[in-house]
Amino acid sequence: MLPLHLAVCTLAVAAVATGPTRATAEPVTVEIGQAGMRHVVFSFERGAGGTTVTLRAEMTGVAGSRLTVRIDRAPVFALDHVFSESECRFPAGGASMCELVIGPDDPAAQTLLLGFKRGLEAHVTIEDAGIMRMDQSVSLKGFTRRYGA
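Just so you know, these numbers come straight off a predicted model, no measurement behind them.

Draft legend 1. Examining the overall build of the protein chain more closely. Each helix and strand counted, the protein chain has three helices and nine strands in total. Counting from the amino terminus, helix and strand elements in the protein chain follow one another as α-β-β-β-β-β-β-β-α-β-β-α. Out of the 149 residues belonging to the protein chain, those deemed buried represent 35%. Considering only contacts in the protein chain between residues 6 or more positions apart, those separated by 24 or more positions represent 51%. Approximately 9,100 Å² of the protein chain is accessible, and the part contributed by carbon and sulfur atoms is 59%.

Draft legend 2. The arrangement of the sheet that holds strand β3 (residues 50-58) in detail. Across the sheet, five strands lie side by side as β1-β2-β3-β7-β6; this open sheet has antiparallel pairing. Two strands close off the open sheet at either side, each with one partner strand: β1 (28-32) and β6 (88-89). Bridge analysis of β6 against strand β7 (residues 97-102) gives two bridges, and the strand direction is antiparallel. For Cys-88, the partnering residue across the bridge sits in β7 and is Cys-98.

Draft legend 3. A look at the pairing of β3. Pairing geometry for strand β2 (residues 40-47) and β3, over eight bridges, is antiparallel. Paired with Phe-42 across the bridge in β3 is Leu-55. Between the antiparallel neighbours β2 and β3 lie two residues.

Draft legend 4. Geometry of the side chain of Thr-125. For Thr-125, the location among the structural elements is in strand β8 (residues 121-128). In this structure Thr-125 comes out as buried when scored by relative accessible area, which is 9%. A polar atom in the side chain of Thr-125 sits 2.5 Å from the side chain of Asp-135. Not counting residues up to four positions away in its chain, the partners in contact with Thr-125 are Arg-66, Leu-67, Thr-68, Arg-133, Met-134 and Asp-135.

Conventions used here
Residues numbered from 1 in each chain as written. Predicted model: local features only at pLDDT ≥ 70, side-chain atom pairs only at ≥ 80, totals over all residues. Heavy atoms only, no water. Helix = DSSP H or I, 4+ residues; strand = E, 2+ residues; numbered from the N terminus. Buried < 20%, exposed > 50% of the residue type's maximum accessible area, 1.4 Å probe, protein only. Contact = heavy atoms within 4.5 Å. Areas by Shrake-Rupley, 256 points an atom, 1.4 Å probe, with all protein chains shown as cover. Pairing = 2+ DSSP bridges. Polar contact = N/O pair within 3.5 Å; in protein donor to acceptor, adjacent residues only side chain to side chain.

So, in structure tokens, the structure goes:
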């Protein structure tokens, strides 16, 4: 009876020490834009197969808009994407909204995650055929602590 009791206690301690599992962790978001106006939101969600990154552009993108993300002063973009018709819509309010979901099997999800964890600043640009351009930077300080190891 004693060995069974010790095994149960060991499992209970291990469960408490590790905290929430990756599958149940809340998504970590990074908002980019002026105060009170979220132009671009990155949401990093852990899953059993890896991290899924959901990117939402509100009021700043339409189909054909090019979105780029550069971490710090890296020579290459962490993300370079042109929104398609299927990724953008105009909800009842009239403002545009584009959404891109990058699954855990896409290397871009891992590139963005590593960039946000290791970088100091993310610089996001959305450009629509030279008509509209949004350039914003956001500090990545504290992202790793919120996301976890």
